[in-house]
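One-letter residues, chain by chain:
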Amino acid sequence: MIYKRSSALFEEAQQFIPGGVNSPVRAFKAVGGTPIFVKEAKGAYLYDEDGNRLIDYIASWGPLILGHAYEPVINAVIEKAKKGTSFGMPTEIETQLAKLAVSMVPNIDKIRFVNSGTEACMSAVRLARGYTGKDKIIKFAGCYHGHSDSFLIQAGSGAVTFGSPNSPGVTQGTAKDTLLAEYNDLESVKALTTANKEEIAAVIIEPIAGNMGCIIPSDSFIKGLRELCTQEGILLIFDEVMTGFRLGKGGAQEVLGIDADIVTFGKVIGGGLPVGAFAARNEIMAYLAPEGPVYQAGTLSGNPLAMSAGLAMLTELNEHPEVFESLAKKTEYLAKGIEKVLDKHGVVYQMNRLGSMMSVHFTDEPVVDFKSSVKGNNDFFKKYFHGMLNHGVYLPPSAFESYFLNDALSYEDLDATILALDKIAPTLK
Ligand SMILES: *Cc1c(COP(=O)(O)O)cnc(C)c1O
């Protein structure tokens, strides 16, 4: 494939935008090569600036669960835009989306809309701190909760006491309040709660991890985590920015059968427009301003265009919940097809999958946490990514990202993807 125009556009972008992109993973640093500039998209396909058609397995990193330019969403946005784009005053559609989201998700009474998943997680932590009167939080290595300071933390030398910043600009003062545990390792959490008794406000987790590739929590881990939090008076925050309205109407809470104390959303809830949200039971949400003392605000929060896209999207999912089943079937079909091809060619891999999230890790060890996910062979991954791209298949440009299937993908698209893999698999050695 030719990427002449994309290359030229990237050159120009780099002169005016740091690294040429507005979010780092788009720059292809993990896989090398030139990022592809998109011209338009429809259904399961991206059309780039060089006229190539790509089968899309990312769908804008998750939001477009029904495919690109989905008509009911697009029409809702167009109609809304004609009536004004922002007021900074309450509108009825905010309540409509709130009511619908609360009806779909278990265990939440109220929801507050923000503009991104980052904002949602950042605000959820503030709310948890305000509610419990405690400062520290526990996060898991390899889980991503957006780019706010408290989450850009890696294991420090004294990991049991506190973490250390993993980006310049994050202060040591902030880092000391974020403790790091290992995914699927309840003992690592217990060690932290024991060493920091009565100091921990919340544990935040991706209930199904998607940011170190797809990783599924063991039943005993996630149940044990819930029990531990209840015993210790710690709020359990499920970051469902990725899983919410993707794994099912009720997201990971429903799939895992676990009630979280605070749930965060993003991606699907905005139908492709910038929306994030956090939600909880009445007693917790009552701490939020203006009802309570915990401050949180946003000029464009609950923006009518964003709300109309979210409302159209959630209405479709609520009325056609069979979509989740259809997506899971397509994902299973693709995963089985990929497994068959990789087995045939003797490529070593791990397939992790749940619902419409999946990832292929090029390692012979089960991938259950951050440590095991980084053991994947990144040279294989680069060849895999670029090989598939040359055959018109757009996979996540990093080994640490999950695929997000969308329901516009047809079985012909899946077959074409599996066939492409069969052609390139001999290079994965
Ligand atoms: C994408 C993501 C975020 C951050 O959302 P943004 O909208 O990019 O700020 C947070 N948590 C999880 C689990 C995510 O996948």
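Residues numbered from 1 in each chain as written. Predicted model: local features only at pLDDT ≥ 70, side-chain atom pairs only at ≥ 80, totals over all residues. Heavy atoms only, no water.

Quick notes on the environment of Leu 334
In this fold, Leu 334 is placed in helix H11 (residues 322-344). Each C-alpha atom of the pair Leu 334 and Arg 246 lies 17 Å from the other, and the pair is 88 residues apart in sequence. Apart from the residues within four sequence positions on either side, Leu 334 is in contact with Tyr 57, Met 358, Leu 405, Leu 414, Thr 417 and Ile 418. (Helix = DSSP H or I, 4+ residues; strand = E, 2+ residues; numbered from the N terminus. Contact = heavy atoms within 4.5 Å.)

Points about the site of the ligand
Taken together, Ser 116, Gly 117, Thr 118, Tyr 144, His 145, Gly 146, Glu 206, Asn 211, Asp 239, Val 241, Met 242 and Lys 267 are the residues near the ligand. Between the ligand and Tyr 144 there is a distance of 3.1 Å, counted from a nitrogen atom to a backbone nitrogen or oxygen. Here Lys 267 contributes a side-chain N or O atom positioned 2.6 Å from an oxygen atom of the ligand. Across the complex, the protein chains shield 82% of the 370 Å² of accessible surface that the ligand would expose by itself. Taken together, the residues of the shell around the ligand break down into three nonpolar, six polar and three charged. (Near = heavy atom within 4 Å. Polar contact = N/O pair within 3.5 Å; in protein donor to acceptor, adjacent residues only side chain to side chain. Areas by Shrake-Rupley, 256 points an atom, 1.4 Å probe, with all protein chains shown as cover. Nonpolar A, V, L, I, M, F, W, Y, C, P; charged D, E, K, R; others polar.)

Section: the pairing of strand E5 (residues 136-140)
Counting buried positions over the five residues of E5 gives five, a clear majority of the element. Of the two faces of E5, the one holding Lys 136, Ile 138 and Phe 140 and the one holding Ile 137 and Lys 139 are both buried throughout. (Buried < 20%, exposed > 50% of the residue type's maximum accessible area, 1.4 Å probe, protein only.)

A few points about the pattern of salt bridges
All chains considered together, the criterion is met by 16 salt bridges. Glu 199 is the salt-bridge partner of Lys 136, the closest N and O atoms lying 3.2 Å from each other. With Lys 136 in strand E5 and Glu 199 in the loop between helix H6 (186-195) and strand E9 (200-205), this pair connects stretches of sequence that are 63 residues apart. Under the relative-accessibility criterion, Glu 199 is labelled partly exposed at 34%. The partner of Glu 187 in a salt bridge is Lys 190, with the nearest N and O atoms 3.9 Å apart. Here Lys 190 and Glu 187 lie together in helix H6, a separation of three residues that amounts to about one turn. Residue class for Glu 187 comes out exposed when judged on its relative accessible area of 52%. (Salt bridge = Lys/Arg side-chain N within 4 Å of Asp/Glu carboxyl O.)

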